[in-house]
Amino acid sequence: MSIEPIPNVEVEQGKVKSTKSRSLGMEALFRLLRSKTSIVGLIIILILMITALFAPLIATHDPTVQSIPNRYQAPSSEHILGTDELGRDIFSRIVFGTRISIQIGLIAVGISMVVGVFLGAVAGYFGKWVDQIVMRFIDIMMAFPSILLAIALVAVLGPNLRNAMIAVGIVGVPQFARIVRSAVLSVKETEFIEAARAIGGKHGRILFGHVLPNSMAPIIVQATLGIGTAILDAAGLSFLGLGAQPPTPEWGAMLSDGRAAIQHAPWVVAFPGLAIFLFVLGFNLFGDGLRDALDPKLKE
Amino acid sequence: MLKYITSRLLMLIPVLIGVSILAFSLIHLVPGDPARSILGEKATAAQLEALRNELGLNDPYVVQYGRFLGHILQGDLGKSIQSKESIGVELIQKLPATIELAIFAMVIAIVIGVLAGVIAAVKQYSWFDNISMTVSLFGVSLPIFWLGLMMIWIFSVTFNILPPSGRLTTGVELNTITNFYLLDSILTGNWVALKDAFLHLLMPGIALATIPMAIIARMTRSSMLEVMRQDYIRTANAKGLRKTIIIFQHALKNASLPVLTVVGLQFGLLLGGAVLTESIFSWPGVGRYVYLAVLGRDYPVVQSTILVIAAIFVFVNLITDILYKYLDPRIKYE
């Protein structure tokens, strides 16, 4: 076993010089910034955020304007990623699609997080029959492959982007619930929670004011990794015609629209798929780095 | 062991009941009248009433659920609204195609994933470790529907070396026995069909295997790294045993337990992922069946199919747990 140096003590020419001690948050930030993969992930996410924010300035054409004489144009200086079956500029559609993907990721993960955190926190904190009921419900949800459950939910709710986000959000609930439950189980046994109980703190205040804020690390990691999964699932639904509907420039829907033209215009399929891949990769790389930073024990 | 298996089987009962309630509830989540949603706006009042009666939608929920569960327990999964055929019979025809694809994908994922994970762990921080772990990170981020389309473009359209869709080329004859085409062609000694079925399996199999392969590679690497630091590995090294024996007989055997859990979980995900893969490669399996049912608003097919897939998933996880206990008798369950 190797001995690691104490982080806030510097040894310089035989003298021991004490430096200002770092908080746990700062330690995690330093660890995060030292990881090359998480930096790459962060850069990808930042580029996508900037693209979404300045989409009208970055796009070279209107993403919905059709030009039938220009259909299936190969990439050129006029259309850098070519045009689709209705002559729309693929680059501009991908640029505007960034907004939709970010929206999908945030809303779907928001739904999973709010419901999952609540269920997991209540189950972990109250235990006994509350825990049994909640966790059996979670077990039942986990018995379905997630994309299949999402497809079934969209099938009954109706195929559109809003319902796709809801379905993807619902199937993400079990992951959050399980992670939060186990975090709450360990935090609720700590002395400061015992102290809060001893001074007569109410359950709601102890749970949401003390226990949950101290269980945030795994929630943040799951949220970051969950955004990538949510985008992948929602794009899959749109690809099957169950998510975003035309003419919305959603990447999965763009792939679906272009699949018939793959023989003579592969760029219609290649670039939107590449955009999904980069987006998901960015969040996965960053999420991985975040997990290592917040919980160094998991590093290997 | 028998006691353990019995208790695990008993524990499955509430989960399976819950799964059936969730599958049953799906049709009641339809906004408005499910019969109207199925038949469309042009349906007459008489047609709507007839369908409501056929599906039993006029009865109280408890009665409806009781009937649903009763039929399932008797092996009756209902009738498809579109084809008017028994859903059970249709599923039995289509399940072999999906299971064959899922097993094929899982074999690819396990062989390549475990091998890559072992080499990456043994040669930690080498170029192979860096490349394989980067590729595996890419793998979990890949949209399989995009990968499938790109493979069709490269291998079918550009190089014309692999068939883009289906299970067999038109004109290739095969007498089916089990509906598992690879197995059937071996059983009947039909080598032309065997080669053709194998080539048809390659692209959908690889597309479906990508994500599990990446996850298995990462899990094997981390599990192997942990095991390789154990004292008994050092002892084996000190005894002068050959490296391959140490890695495969001593380390991998013990590192395979967490990998086994991942394999079990991924098999269920493969069944879900099959919906996308089968729709891309026009693979006539359960995934495509449920996809077409969704498009046609054939709710009974959607309900029954996801119920069957969930039940398979639950049983695969049970088998994984049993194997886990068999391979590591130290594990105790309450």
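Residues numbered from 1 in each chain as written. Chains lettered and ligands numbered in written order. Predicted model: local features only at pLDDT ≥ 70, side-chain atom pairs only at ≥ 80, totals over all residues. Heavy atoms only, no water.

**Examining the packing of aromatic side chains**
For the structure shown, the criterion picks out 10 aromatic pairs over all chains. Aromatic pair Phe118(A) and Phe208(A): ring centres 6.4 Å apart, planes at 5°, arrangement stacked. In this pair, Phe118(A) is assigned in helix α4 (residues 90–126) and Phe208(A) in helix α10 (residues 203–211), connecting sequence segments 90 residues apart. For the ring pair Phe24(B) and Phe68(B), a centre distance of 5.7 Å and an interplane angle of 50° mean the geometry is tilted. Of this pair, Phe24(B) sits in helix α1 (residues 2–25) while Phe68(B) sits in helix α4 (residues 61–73); the two residues are 44 residues apart in sequence, bridging distant segments of the chain. (Phe/Tyr/Trp six-rings, centres within 6.5 Å; stacked < 30°, edge-to-face > 60°. Helix = DSSP H or I, 4+ residues; strand = E, 2+ residues; numbered from the N terminus.)

**Here we look at unusual backbone geometry**
When glycine is set aside, most residues are seen to have a negative phi, and most peptide bonds are trans. Cis rather than trans, the peptide bond between Pro246(A) and Pro247(A) has omega equal to 5°. The topology assignment puts Pro247(A) in the loop between α11 (216–239) and α12 (251–258). Phi at Asn160(B) takes a positive value of approximately 50°, unusual for a residue other than glycine. Position of Asn160(B) among the secondary structure elements: in the loop between α7 (144–158) and α8 (181–187).

**Focus: the packing of helix α9 (residues 191–228) of chain B against helix α11 (residues 243–280) of chain B**
Residues and elements named next belong to chain B. The interhelical angle for the contact between α9 and α11, taken along N-to-C directions, is 155°, at an axis separation of 8 Å. With respect to α11, the axis of α9 lies roughly antiparallel. For the pair α9 and α11, the crossing hand works out as right-handed. A per-class count over the contact of α9 with α11 returns 20 nonpolar, six polar and no charged. (Axes fitted to C-alpha atoms, helices over the stretch in contact; angles between N-to-C directions. Parallel < 35°, antiparallel > 145°, perpendicular 65-115°, else oblique. Left-handed = near helix turned anticlockwise from the far one by under 90°. Nonpolar A, V, L, I, M, F, W, Y, C, P; charged D, E, K, R; others polar.)

**So, the side chain of Gln64(B)**
Within the secondary structure, Gln64(B) is located in helix α4. Aside from chain neighbours lying at most four places away, what touches Gln64(B) is Phe24(B), His28(B), Gly56(B), Leu57(B) and Asp59(B). (Contact = heavy atoms within 4.5 Å.)

**So, the domain arrangement of chain B**
Residue and element names in this part refer to chain B. What the domain assignment lists for chain B is domain 1 (2–73) and domain 2 (89–327). Taking only C-alpha atoms into account, the centre of domain 1 sits 32 Å from that of domain 2. With 20 residues of domain 1 at the contact, the number on the domain 2 side is 14 residues. Carbon and sulfur atoms make up 80% of the area that domain 1 and domain 2 hide from each other, which totals about 1,600 Å². When the area that domain 1 buries against domain 2 is broken down by residue, the three leading residues are Tyr4, Arg8 and Leu12, summing to 26%. The interface formed by domain 1 and domain 2 contains one salt bridge. Put simply, Arg8 and Asp321 hold a salt bridge, and the shortest N to O gap is 2.4 Å. Counting the contacts that link domain 1 with domain 2 gives three residue pairs in polar contact (both at pLDDT 80 or more). Elements supplying a minimum of two residues to the side of domain 1 that touches domain 2: α1, α2 (34–39) and α4. For the side of domain 1 that touches domain 2, the element with the highest residue contribution is α1, accounting for 11 residues. (Domains from an automatic or database assignment. Buried area = accessible area lost by both parts, 1.4 Å probe. Salt bridge = Lys/Arg side-chain N within 4 Å of Asp/Glu carboxyl O. Polar contact = N/O pair within 3.5 Å; in protein donor to acceptor, adjacent residues only side chain to side chain.)

**Quick look at the confidence of the model for chain B**
Residue and element names in this part refer to chain B. The share of residues in chain B with pLDDT of 70 or more is 99%, and the mean pLDDT across the chain is 88. Mean pLDDT in chain B bottoms out at α2, which sits at 80, and peaks at α7, which reaches 94. Taken over the whole predicted complex, pTM reads 0.85, whereas the ipTM for its chain interfaces reads 0.85. (pLDDT = per-residue confidence, 0-100.)

**As for the UniProt feature "transmembrane region" (unreviewed entry) in chain B**
Residues and elements named next belong to chain B. Summarizing the sequence annotation, UniProt attributes the feature "transmembrane region" (unreviewed entry) to residues 9–30, 101–122, 134–155, 197–219, 257–281 and 301–324 in the numbering used throughout. Its end C-alpha atoms 33 Å apart, residues 9–30 is made of 77% helix and 0% strand. Structurally, residues 134–155 comprises 91% helix and 0% strand, and the distance from its first C-alpha atom to its last is 24 Å. (UniProt positions renumbered as here; feature names shortened; annotations may be inferred.)

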